[in-house]
Amino acid sequence: MRRIWAFSLVAALAACNGDGKDTTDTGNPTTDADADADADADADADTDTDTDSDADADADADADTDTDTGTTTTDTGTTGTLACADSIAQGTVPEVITGTTVGTGSDTVGSCGGTSAETVIAYTAPQTGDYVFDLIGSAYDTLLYAYDGCTPNELDCNDDWIGTRSQIMLSLTAGQTAILVVDGYGGAEGDYVLHVNLLEAAETTCNDLLDLDNDRDPDCSDSDCAAEAYCGVEVCDDVFDNDGDLAIDCFDTDCDLDPLCAEDCTDGIDNDGDGDTDCADAYCGTDPGCIEICDDLIDNDADGLFDCADEGCAADPICAPVCPADTLPAPPSTLTFSTLGLPNAYVGSCQTNSNASDETFEFTAPAAGTYTFDTFGSTFDTVLYALDACGGAELACNDDTGGLQSEITVTLNAGDTIIIVVDGYSTRSGDAILNVQ
């Protein structure tokens, strides 16, 4: 719907009614329609039967769309009597208005943003006071802003007040109409909940998720709630943020050791809701099923490393580095093996962030010449380097040649012996191929 944002255009629309009827908006469309209908019926009964028929139809239509259901209003998206509004609130306080912005289109942008689908609601203050409007409980990342009637005079605009939900405070006089725009951030749209309340001097209700004293501290996070018995200590099963740290129940670190929030270390589920599952959860650090076994090719403690590549196995005798682990045959030759679960004993100069398992091979040159070593055909991102001895000086190093595999060349004299190290990028390991030419 394309809305008209000017009082002058509203007046112009009224002038175009043709019979001079009074169409001034009093905040009660049903009452206005009935008054117009009676006036037309009395003045034009003999000569203008169409006017009576139209007025009656208008009165009926208004009665259907504006039925008072109490303090909760459902926005159906129907056009209100104001040209710039999609709907008109009941004008009560407190009031809760619900609806959706899905597919409504975008006609206006606030100073704090808002290019998403939006809905526009006219709210007329029933009394003079400071009003808090918020979108707490809405299902998407909201924006909320307000205009002084159908004018471009913005009264307030907010993107994020509590989390990604919005809140504004307006000082209104009795009978003043504020045009409220429920918008979204970055294209977000969805179901909204708009609360209307009077500003409180201090937080009086500490378990409604609302911030009615407008200090950005809802419920138990507000110092006004310090005396409440349920504020200060997190109760781990009441679906309430008792200590005001915006973490609820098992998502609060205060509940990490509570039996209600204990992590089952073997079920593949994040039982305590802290984002860590099974052995990756600190709660399972001493669980027998989460202690790394250093020779089973399984990541028992779920840290992404297994067997001798895990720091938990550093002191295990089975993981003591062996150099060389094997001997390379004379070229041309190919050796296949796996680095899975091996120790991380070496780091090459061409990839200093490697924490991967590595394997060492001894090679003795059968004759003087230049020898080429590569890992082409390996199943992981390799790093390859040569040392003049176990733990000795580096002769050559390469990370990537031919995709994610590596290649080095070394010039040797007959009988020279060197150490070839097959390593991995970062923590990569797997089935490897070492070719010698």
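Residues numbered from 1 in each chain as written. Predicted model: local features only at pLDDT ≥ 70, side-chain atom pairs only at ≥ 80, totals over all residues. Heavy atoms only, no water.

(A) Structural detail: the overall build of the protein. Helix and strand counts for the protein come out as 3 helices and 19 strands. Counting over 437 residues, the protein shows a buried share of 42%. Excluding contacts between residues fewer than 6 apart, the proportion of contacts in the protein whose partners are at least 24 apart in sequence is 61%. In the structure as shown, the protein presents an accessible area of about 20500 Å², 52% of it carried by carbon and sulfur atoms. (Helix = DSSP H or I, 4+ residues; strand = E, 2+ residues; numbered from the N terminus. Buried < 20%, exposed > 50% of the residue type's maximum accessible area, 1.4 Å probe, protein only. Contact = heavy atoms within 4.5 Å. Areas by Shrake-Rupley, 256 points an atom, 1.4 Å probe, with all protein chains shown as cover.)

(B) Layout of the environment of V410. You can see V410 is positioned in strand β17 (residues 407-412). Overall, the relative accessible area of 7% leaves V410 in the buried class. Spatially, the C-alpha atoms of V410 and T372 are 6.6 Å apart, while their sequence positions differ by 38 residues. Residues contacting V410, with those up to four places away along its chain left out, are G369, T370, Y371, F373, A386, L395, A396 and I418.

(C) Spotlight on the state of the cysteines. Tallied over the entire structure, the rule returns 11 disulfides. Two residues share a disulfide in this structure: C206 and C225, whose sulfurs sit 1.9 Å from each other. Note on the C206 and C225 pair: the S-S dihedral is about -90 degrees, so by sign convention the disulfide is left-handed. With a gap of 19 residues between them, C206 in the loop between β10 (191-198) and β11 (326-327) and C225 in the loop between β10 and β11 connect regions that are remote in the sequence. In this structure, C206 and C225 share a single accessibility class: buried. In this model, C236 is linked to C255 through a disulfide, with the two sulfur atoms separated by 2.0 Å. Measuring the twist about the S-S bond at about -95 degrees, one finds the C236-C255 disulfide to be left-handed. Placement of C236 in the loop between β10 and β11 and of C255 in the loop between β10 and β11 is noted, with a sequence separation of 19 residues between them. (Disulfide = S-S within 2.5 Å.)

(D) Seen up close, the sheet that holds strand β14 (residues 369-374). Taking strand neighbours across the sheet as the criterion, the 4 strands line up as β12-β19-β14-β17 in an open arrangement whose pairing is antiparallel. Single-partner strands in this sheet number two, and they are β12 (333-338) and β17. Strand-to-strand twist in this sheet, taken as the mean axis angle between neighbours without regard to direction, amounts to 20 degrees. With 2 bridges connecting them, β14 and strand β19 (residues 431-436) associate as antiparallel partners. Bridge pairing in β19 links D374 to N435. (Pairing = 2+ DSSP bridges. Axes fitted to C-alpha atoms, helices over the stretch in contact; angles between N-to-C directions.)

(E) Layout of the sheet that holds strand β9 (residues 177-184). One open sheet holds the 5 strands; their spatial order is β2-β4-β9-β6-β7, and the pairing between them is mixed. Single-partner strands in this sheet number two, and they are β2 (87-88) and β7 (154-158). Pairing analysis gives 6 bridges linking strand β4 (residues 119-124) to β9, with the strands arranged antiparallel. Bridge assignment links A122 to a residue of β9, and that residue is I179.

(F) The arrangement of the side chain of Q351 in detail. With respect to the helices and strands, the residue Q351 is situated in the loop between β12 and β13 (359-364). Assessed through its relative accessible area of 12%, Q351 is described here as buried. Engagement of the side chain of Q351 in a polar contact is seen with the side chain of D399, the distance being 2.9 Å. Once residues lying within four places of it in the same chain are set aside, the contact partners of Q351 are V383, D399 and Y425. (Polar contact = N/O pair within 3.5 Å; in protein donor to acceptor, adjacent residues only side chain to side chain.)

(G) Focus on the packing of aromatic side chains. Tallied over the entire structure, the rule returns 7 aromatic pairs. Between F363 and Y371 the ring centres are 5.3 Å apart and the planes differ by 65 degrees, which places this aromatic pair in the edge-to-face class. Residue F363 shares its accessibility class with Y371, and that shared class is buried. Clustering of aromatic rings is evident, with ring pairs tying together Y123, Y131 and F133. (Phe/Tyr/Trp six-rings, centres within 6.5 Å; stacked < 30°, edge-to-face > 60°.)

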